[in-house]
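Residue-level structure breakdown
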Amino acid sequence: MQGPLKVAFLGASGVGRTSILQQFFKHDFPKDHIRTSKRTVYRSCLVCDTCIRELMVLDVPPQKYFPIDNLAEWNNGNPLGLRTVHTYVLVYDMGNLDTFQYCRNMRDQILESFNHRDFKIMVVGNKVDMVSNPHTQELKDISTLVRKHWRCGYVECSAKHNYKIGDIFKEMMGYPVGGTAPKLEFSQSIGSKNRCTIL
Ligand SMILES: Nc1nc2c(ncn2[C@@H]2O[C@H](COP(=O)(O)OP(=O)(O)OP(=O)(O)O)[C@@H](O)[C@H]2O)c(=O)[nH]1
Ligand SMILES: [Mg+2]
């Protein structure tokens, strides 16, 4: 088995990163906005088709700057481990498109800070339930930019309704959503022993 797939969820404050992770790992939706003030690590084991992979997901407070090098990561005295991640999941709020600017900016910073491309970036539009018309030109433009120009995976979801949350993790595993992705499921809560669920 390969080593753990290390993933970081990044996004502007309040876009729903913690809600997505709580929904996926704990089948819970926190209604109140409790700001993430320190790094939380979710661990699990993913079984997908014939592939089994350990998963380690980082939920961190909103970062203004991506650490430009290893020194920057260590220098703030509270290393988050953001530079050793396999997949960056950039989350924005579909009901507040200004939050997409954070994703754009963070993607630029990530790409600029590495001289290799041994990582994946994907974008998640959360709170689709807050959008009365999900087919507006602005949303189409974001989807086209991410999929066609950035060539990144893109998922629109609602943590509140547990809608397409699993698709984020399928995409992460390299099964593009919309295709014939095998069934997958996680079962894990923070602090408890690792468990895998195979469907
Ligand atoms: N309607 C709706 N509200 C959501 C959804 N996801 C999250 N929220 C709400 O948005 C607020 C912020 O959610 P969080 O998950 O705390 O957001 P966050 O990105 O972790 O925020 P910070 O840790 O402060 O950066 C909470 O009040 C959630 O209940 C969603 O899919 N739909
Ligand atoms: Mg949070």
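A brief structural summary. (Residues numbered from 1 in each chain as written. Chains lettered and ligands numbered in written order. Predicted model: local features only at pLDDT ≥ 70, side-chain atom pairs only at ≥ 80, totals over all residues.)

1. Overview of the nonpolar core
Convention followed: For this entry, the nonpolar core is defined as buried Ala, Val, Leu, Ile, Met, Phe, Trp, Tyr and Cys residues connected by C-beta atoms within 7 Å. Here exposure depends only on C-beta density: within 10 Å of a residue's C-beta, 20 or more other C-beta atoms make it buried, 12 or fewer make it exposed, and intermediate numbers make it partly exposed, the C-beta atoms being placed from the backbone. Each residue is represented by a C-beta atom placed from its backbone, and any two residues with such atoms within 7 Å are regarded as in contact.
Counting residues in each nonpolar core, the largest one holds 44 residues, and the members touching the most others are Ala8, Val89, Leu90 and Ile168. Filtering out sequence-adjacent residues up to four positions away, alanine 8 remains in contact with Leu58, Val60, Leu82, Val85, Tyr88 and Val89.

2. What about the pairing of strand 6 (residues 153–156)?
Under the convention used in this document: A helix here means a DSSP run of H or I that spans at least four residues, while a strand means a run of E at least two residues long, and both kinds are numbered starting from the N terminus. We treat two strands as partners when DSSP finds at least two bridges between them. Handedness rule for crossovers: strands pointing away from the viewer, path from the first strand over the helix to the second running clockwise, crossover right-handed.
Along strand 6, one buried face is formed by Gly153 and Val155 and the opposite face, lined by Tyr154 and Glu156, is buried too. Sheet topology note: the strand 5 (residues 120–126)/strand 6 ladder contains 4 bridges and is parallel. Bridged to valine 124 within strand 6 is valine 155. Between the parallel pair strand 5 and strand 6, the chain is carried across by helix 4 (residues 137–149), and the sense of this crossover is right-handed.

3. Remarks on helix 1 (residues 17–26)
At 3.6 residues per turn, the α-helix brings residues three or four places apart onto the same side. Across the 10 residues of helix 1, 7 count as buried, placing the element largely inside the fold. When we look at burial in helix 1, the residues that qualify are Arg17, Ser19, Ile20, Leu21, Gln22, Gln23 and Phe24. Within two residues after helix 1, histidine 27 carries a phi angle of roughly 50°, on the positive side.

4. A look at the environment of phenylalanine 66
With respect to the element layout, phenylalanine 66 can be found in the loop between strand 3 (51–59) and helix 2 (70–75). Residues phenylalanine 66 and asparagine 105, 39 residues apart in the sequence, show an inter-C-alpha distance of 9.6 Å. Setting aside residues up to four positions removed in sequence, phenylalanine 66 forms contacts with Leu82, Met106, Gln109, Ile110 and Ser113.

5. Structural notes on the site of ligand 1
Quick reminder of the rule: Any residue whose C-beta atom, as set from the backbone, lies within 6 Å of a molecule or strand is reported as near that molecule or strand. Think of it as three bins: nonpolar holds Ala, Val, Leu, Ile, Met, Phe, Trp, Tyr, Cys and Pro, charged holds Asp, Glu, Lys and Arg, and polar takes everything else, Gly as well.
Near ligand 1, the surroundings consist of 23 residues, among which Gly16, Thr18, Ser19, Thr36 and Lys160 are the closest. It is helix 1 that provides the largest number of residues to the shell around ligand 1, a total of 3 residues. The residue inventory of the shell around ligand 1, partitioned by class, reads 6 nonpolar, 10 polar and 7 charged.

6. Side note on unusual backbone geometry
At arginine 151, a position not held by glycine, the phi torsion is positive, near 55°. One can find arginine 151 in the loop between helix 4 and strand 6. Even without being glycine, asparagine 162 reaches a positive phi, approximately 50°. As for its placement among the helices and strands, asparagine 162 is situated in the loop between strand 6 and helix 5 (165–172).

7. Let's talk about helix 3 (residues 100–113)
The criterion, for reference: Expected span of a helix: the number of residues minus one, times 1.5 Å. Read the arc as the range of directions from the helix axis to the C-beta atoms.
Here helix 3 contains 14 residues, and its C-alpha end-to-end distance of 20 Å stays within 8% of the 20 Å for a straight helix at 1.5 Å per residue. Buried residues of helix 3: Phe100, Tyr102, Cys103, Met106 and Ile110, and no others. Take helix 3 and look down its axis: the buried residues cluster within an arc of 140°, on one side only. In helix 3, those exposed residues whose orientation departs by more than 90 degrees from the buried face are Gln101, Asp108 and Glu112. Buried residues along helix 3 sit against strand 1 (5–11), strand 4 (87–93), strand 5 and helix 4.

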